[in-house]
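# Residue-level structure breakdown
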Amino acid sequence: MNQDQLKQAVAKAAIDYIAPKLELDSIVGVGTGSTANYFIDYLAEIKGTFDGTVASSEASAERLKSHGIPVYDLNVVDRVLVYVDGADETDPKKMLIKGGGAALTREKIVAAVADEFVCIADGSKWVDVLGAFPLPVEVIPMARSHVARELVKLGGSPVYREGVVTDNGNIIIDVHDMQIHDPVALESQINQIVGVVTNGLFAARNADVLLLATAEGVKTHS
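The structure presented is a predicted model; accordingly, all values stated were derived computationally and were not measured. (Residues numbered from 1 in each chain as written. Predicted model: local features only at pLDDT ≥ 70, side-chain atom pairs only at ≥ 80, totals over all residues. Heavy atoms only, no water.)

What follows covers the pattern of salt bridges. Taken as a whole and judged by the stated rule, the model has 13 salt bridges. Asp41 is the partner of Arg63 in a salt bridge, and the nearest nitrogen-oxygen pair spans 3.0 Å. In this pair, Arg63 sits in helix H3 (residues 58-66) while Asp41 sits in helix H2 (residues 34-43), placing the two residues 22 residues apart along the sequence. A relative accessible area of 30% places Arg63 in the partly exposed class. Note that Arg79 and Asp115 form a salt bridge whose closest N and O atoms lie 2.4 Å from each other. Note that Arg79 is positioned in the loop between H3 and strand E3 (82-85) and Asp115 in the loop between helix H4 (104-113) and strand E6 (116-122), a separation of 36 residues in sequence. Three or more residues joined by partner-sharing salt bridges are found here, namely Asp85, Lys98 and Glu107. (Salt bridge = Lys/Arg side-chain N within 4 Å of Asp/Glu carboxyl O. Helix = DSSP H or I, 4+ residues; strand = E, 2+ residues; numbered from the N terminus. Buried < 20%, exposed > 50% of the residue type's maximum accessible area, 1.4 Å probe, protein only.)

Strands sit in the order E2-E1-E3-E6-E12-E13 across an open sheet of six strands; the sheet is mixed. Of all strands in the sheet, those with a lone pairing partner are strand E2 (52-55) and strand E13 (217-221), marking the two edges. Averaged over all adjacent pairs, the angle separating strand axes in this sheet is 20 degrees, with direction ignored. Where strand E1 (residues 27-30) and E3 come together, three bridges link them in parallel fashion. Following the sheet pairing, Val30 is matched in E3 by Val84. (Pairing = 2+ DSSP bridges. Axes fitted to C-alpha atoms, helices over the stretch in contact; angles between N-to-C directions.)

Most of strand E9 (residues 171-176) sits inside the fold, with five of its six residues counted as buried. Pairing analysis gives four bridges linking strand E8 (residues 157-160) to E9, with the strands arranged antiparallel. Of the residues in E9, the one forming a bridge with Tyr160 is Ile173.

Now the structure itself:
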């Protein structure tokens, strides 16, 4: 199976995982990215079995709406039953790096609200130690240089992601050359830098369930 086929397989496995939990008043949180897009397309096939969704990006909201799936503002929703999203990296503890698609802040908000966070990924995203994928950090534009200097002090090599503006109107700095042995501590350290909105470590709130697509099938880590 190629990578696209693995993404499709794990997206379908996520539908099979959440479908028995859904009720007519359920709200499903939906992530952003290529694997999440496959999930959205499969979600359309069962759209009559739940109330609607909240989306972690404008792009995902538009894709959901194109399938006739209701999309709600998170502020008007009492409860998100489950949040399904991909990852750029995952370790054996289901701690993640996310934000390759620049939607990390909204993704982190929806994950924080959801009763259950289901991560869907293909086997190429599995690592023993996070950090080979550059860590995205969303930053208030005027703080770009200050934040970059502080990230250097933490041992990283920050690179401004040119031409990218988040849905929140901010910029992204990608931090290279880090081996992240304590994701919870580093997530907190970076978030405390003045000017940082949030970073792409999902460690304090990691995934509850990881569905990982491999050549041998989709494996469940819970």
